[in-house]
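Overview (structure and organization)
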Amino acid sequence: MVLSWIPISIVALICVGIVVGVVAVQNSWWTQADPRPSTDQQASDGMSLFEPPGIDFLTHEGVVRVKVRADSLPASQLGLDVDGTETVEPRVPISAVVLTADGAFNVELVKSFTITTSDNQVTSVELVQDGQGMWLTIYPQLERIAPSWGWTAQQLEQLRIDLTTASRDTTGPTYSATLPAVEHKGALASAEVTIDTDSGNVGLAFTVARLP
């Protein structure tokens, strides 16, 4: 045999190493359909943590959960700076649940999110949606979700007008317009629509912020 010169003891050690590695992977929470989070992966109130173990867990689970309300844990206990911003780009798009004083906001296909903190409290969360499309498909989506975010038909129409105006005035690669911050579910909800000048692809970013 080609490997006959290798001592049997070394071959045995290699085999043991392979077996141990396979067992470790099988026992890893990454391979579990419904893993139980450890204390460094999820906060005591069920919200997400934003240090590497927490980000790994929310990516695997496919959901980020954040409170933007008075009873949220201090930012420092969530792995965030006392004052600052933290942007996370999960390896795959995830869902987001932002809990507010009077309800929750939900966004699917989130490709990145940015959390802003002040005085050791989470003050806002911006959610950037993946799966960019054209305006003719994005606008009906906004119409469907507008009631759950507090926007009126008049505000949607103004958004359309603002985008049309911006498209005429822009000289850059993109142009944008916003849905105004409205008080809804005990928070301020707003959104920004950005359109690529060349391709026409539309990007959506939703923001939920604490009331002043």
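Up top is the structure.
These lines cover the structure that appears in this document, whether it is placed above or below. (Residues numbered from 1 in each chain as written. Predicted model: local features only at pLDDT ≥ 70, side-chain atom pairs only at ≥ 80, totals over all residues. Heavy atoms only, no water.)

1. Here's the deal with the packing of aromatic side chains
In total, this model carries five aromatic pairs according to the counting rule given. An angle of 65 degrees between the planes, with centres 5.9 Å apart, marks the rings of F50 and F113 as edge-to-face. Pair noted here: F50 is in the loop between helix 1 (8-27) and helix 2 (52-61) and F113 is in strand 4 (residues 103-118), with a separation of 63 residues, a long-range link. Within the aromatic cluster, the residues linked to one another by ring pairs are F105, W149, W151 and F206. (Phe/Tyr/Trp six-rings, centres within 6.5 Å; stacked < 30°, edge-to-face > 60°. Helix = DSSP H or I, 4+ residues; strand = E, 2+ residues; numbered from the N terminus.)

2. Looking at the pairing of strand 3 (residues 94-100)
The buried count for strand 3 comes to five of seven residues, which makes it a mostly enclosed element. Here strand 1 (residues 63-67) pairs with strand 3 via five bridges, running parallel. Of the residues in strand 3, the one forming a bridge with R65 is V97. Direction of pairing for strand 3 relative to strand 4: antiparallel, over a ladder of six bridges. Along strand 4, the bridge assignment pairs T100 with G103. (Buried < 20%, exposed > 50% of the residue type's maximum accessible area, 1.4 Å probe, protein only. Pairing = 2+ DSSP bridges.)

3. Focus: the packing of helix 3 (residues 135-149) against helix 4 (residues 153-169)
One way to put it is that helix 3 packs onto helix 4 with a least axis distance of 11 Å and a crossing angle of 155 degrees. Between helix 3 and helix 4, the crossing angle belongs to the class labelled roughly antiparallel. Seen from above, helix 3 lies across helix 4 with right-handed handedness. Between helix 3 and helix 4, the contacting residues are W135, Y139, L142, E143 and A146 on the first element and L156, E157, L159, R160 and L163 on the second. Across the contact of helix 3 with helix 4, the residue classes tally to seven nonpolar, no polar and three charged. (Axes fitted to C-alpha atoms, helices over the stretch in contact; angles between N-to-C directions. Parallel < 35°, antiparallel > 145°, perpendicular 65-115°, else oblique. Left-handed = near helix turned anticlockwise from the far one by under 90°. Contact = heavy atoms within 4.5 Å. Nonpolar A, V, L, I, M, F, W, Y, C, P; charged D, E, K, R; others polar.)

4. Here we look at helix 2
Residues of helix 2 that are buried: G54, I55, F57, L58 and T59. Against the buried residues of helix 2 lie strand 1, strand 2 (84-88), strand 3 and strand 4. Immediately beyond the C-terminal end of helix 2, within one or two residues, lies G62, with a positive phi of roughly 85 degrees.

5. Observations concerning helix 3
Along helix 3, the sharpest kink reaches roughly 30 degrees, centred on E143 and followed within four residues by the proline P147. Buried within helix 3 we find I138, Y139, Q141, L142, A146 and W149. For helix 3, the elements touching its buried residues are strand 4, strand 5 (121-129), helix 4, strand 6 (174-184), strand 7 (187-196) and strand 8 (202-209). Just past helix 3, the residue G150 takes up positive phi, approximately 90 degrees. (Bend = angle between axes of the 7 residues up to and from the residue.)

6. What about the pairing of strand 5?
In this sheet, strand 5 lies alongside strand 4 in antiparallel orientation, the contact comprising eight bridges. Of the residues in strand 5, the one forming a bridge with T114 is E126. Linkage of strand 4 to strand 5, two consecutive antiparallel strands, is achieved through a turn of two residues, within which D119 is found at a positive phi near 55 degrees. In this sheet, strand 8 lies alongside strand 5 in antiparallel orientation, the contact comprising five bridges. Its bridge partner lying in strand 8, S124 is registered against A209.

Read these as layout, nothing more, since geometry by itself doesn't imply function.
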